[in-house]
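Given next are the chains, with one letter for each unit.
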Amino acid sequence: MVLDLGLMMDSFDMNFSWNWERLKMFTKNFISNVFMFINDTRISIIVFNTNPSIELRFDERYSFQRVIRVRQQYVTTSNVDKALIMADQVMFREENGMRRHSSKVTQFLYSE
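Residues numbered from 1 in each chain as written. Predicted model: local features only at pLDDT ≥ 70, side-chain atom pairs only at ≥ 80, totals over all residues. Heavy atoms only, no water.

Quick look at the sheet that holds strand E4 (residues 103-109)
Item 1. Overall, mixed pairing links the four strands, which are arranged E3-E2-E1-E4 in an open sheet. Both outer strands of the open sheet, strand E3 (53-56) and E4, are each paired with one neighbouring strand and no more. Averaged over all pairs of adjacent strands, the angle between strand axes in this sheet comes to 25°, irrespective of strand direction.
Item 2. Of the strand pairs in this sheet, strand E1 (residues 2-10) and strand E2 (residues 40-48) are connected by nine bridges, and their pairing is parallel. Opposite Asp 4, over in E2, you have Arg 42 as the bridge partner.
Item 3. Packing against the sheet, helix H3 (residues 80-91) makes contact with E1, E2, E3 and E4, and its axis sits at approximately 140° to E2. (Pairing = 2+ DSSP bridges. Helix = DSSP H or I, 4+ residues; strand = E, 2+ residues; numbered from the N terminus. Axes fitted to C-alpha atoms, helices over the stretch in contact; angles between N-to-C directions. Contact = heavy atoms within 4.5 Å.)

Below, the structure written as structure tokens:
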């Protein structure tokens, strides 16, 4: 199976940095498990709160260190709509490494 996995990390309401660190560790473990079962996987990561940003494109090499360096956004509102638009219009595009004939999956990651 060929899989392009888009992860959307919500940094809203991360009042304590340890919540953000826990979310990053969960993301790292989640990705590791996906790679264990689907070996032809590419990952892209959007971090969002007020303004979404692509932190990793599908055509960039994934590494655990890239997930660790993902920055937290410190603001008071979460704009999931902007993140979804970015996923549709930017992340899931061939010019950003998405493969035309791959299965596409988007996963939201957030902390309670």
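Focus: the packing of aromatic side chains
Item 1. Applying the stated rule across the entire model yields three aromatic pairs.
Item 2. Between Phe 48 and Phe 108 the ring centres are 6.4 Å apart and the planes differ by 90°, which places this aromatic pair in the edge-to-face class. Here Phe 108 lies in strand E4 and Phe 48 lies in strand E2, a separation of 60 residues in the sequence.
Item 3. Ring centres of Phe 58 and Phe 92 lie 5.3 Å apart, and the angle between their planes is 55°; this geometry places the pair in the tilted category. (Phe/Tyr/Trp six-rings, centres within 6.5 Å; stacked < 30°, edge-to-face > 60°.)

So, the nonpolar core
The tendency in soluble globular proteins is for nonpolar side chains to be buried as a group.
Item 1. Ranked by internal contacts, the top residues of the largest apolar core, which has 15 residues, are Leu 5, Leu 7, Met 9, Ile 43 and Ile 45.
Item 2. Counting only elements with at least two residues in this core, the list comes to E1, helix H1 (17-37) and E2.
Item 3. Beyond its immediate stretch of four places on either side in the chain, Leu 5 contacts Phe 30, Val 34, Thr 41, Arg 42, Ile 43, Ser 44, Phe 58, Val 105 and Gln 107.
Item 4. Formed by ten residues, the second largest nonpolar core is a distinct cluster that contains Ala 83, Met 86, Met 91 and Phe 92. (Core = buried A, V, L, I, M, F, W, Y, C linked by side-chain atoms within 4.5 Å. Buried < 20%, exposed > 50% of the residue type's maximum accessible area, 1.4 Å probe, protein only.)

Here's the deal with the environment of Met 1
Item 1. Inspection of the secondary structure assignment puts Met 1 in the segment before E1.
Item 2. On a C-alpha basis, the gap between Met 1 and Ser 102 in space is 7.9 Å, while along the polypeptide they are 101 residues apart.
Item 3. Once you skip the residues sitting within four places of it in the chain, Met 1 turns out to touch Ile 38, Asp 40 and Ser 103.

Comments concerning the environment of Ala 87
Item 1. Along the chain, Ala 87 turns up in helix H3.
Item 2. In contact with Ala 87, other than residues within four places in its own chain, are Met 8, Ile 46 and Phe 92.

Structural notes on the pattern of salt bridges
Item 1. Here the structure, examined in full by the defined rule, presents five salt bridges.
Item 2. A salt bridge links Asp 59 to Arg 57; its shortest N-O distance comes to 2.6 Å.
Item 3. A residue is classified by how much of its surface remains accessible, and Asp 59, at 41% relative accessible area, is partly exposed.
Item 4. With its nearest N and O atoms 3.0 Å apart, the salt bridge here joins Glu 94 to Arg 100.
Item 5. A single salt-bridge network, built from bridges that share partners, covers Asp 4, Asp 40 and Arg 99. (Salt bridge = Lys/Arg side-chain N within 4 Å of Asp/Glu carboxyl O.)

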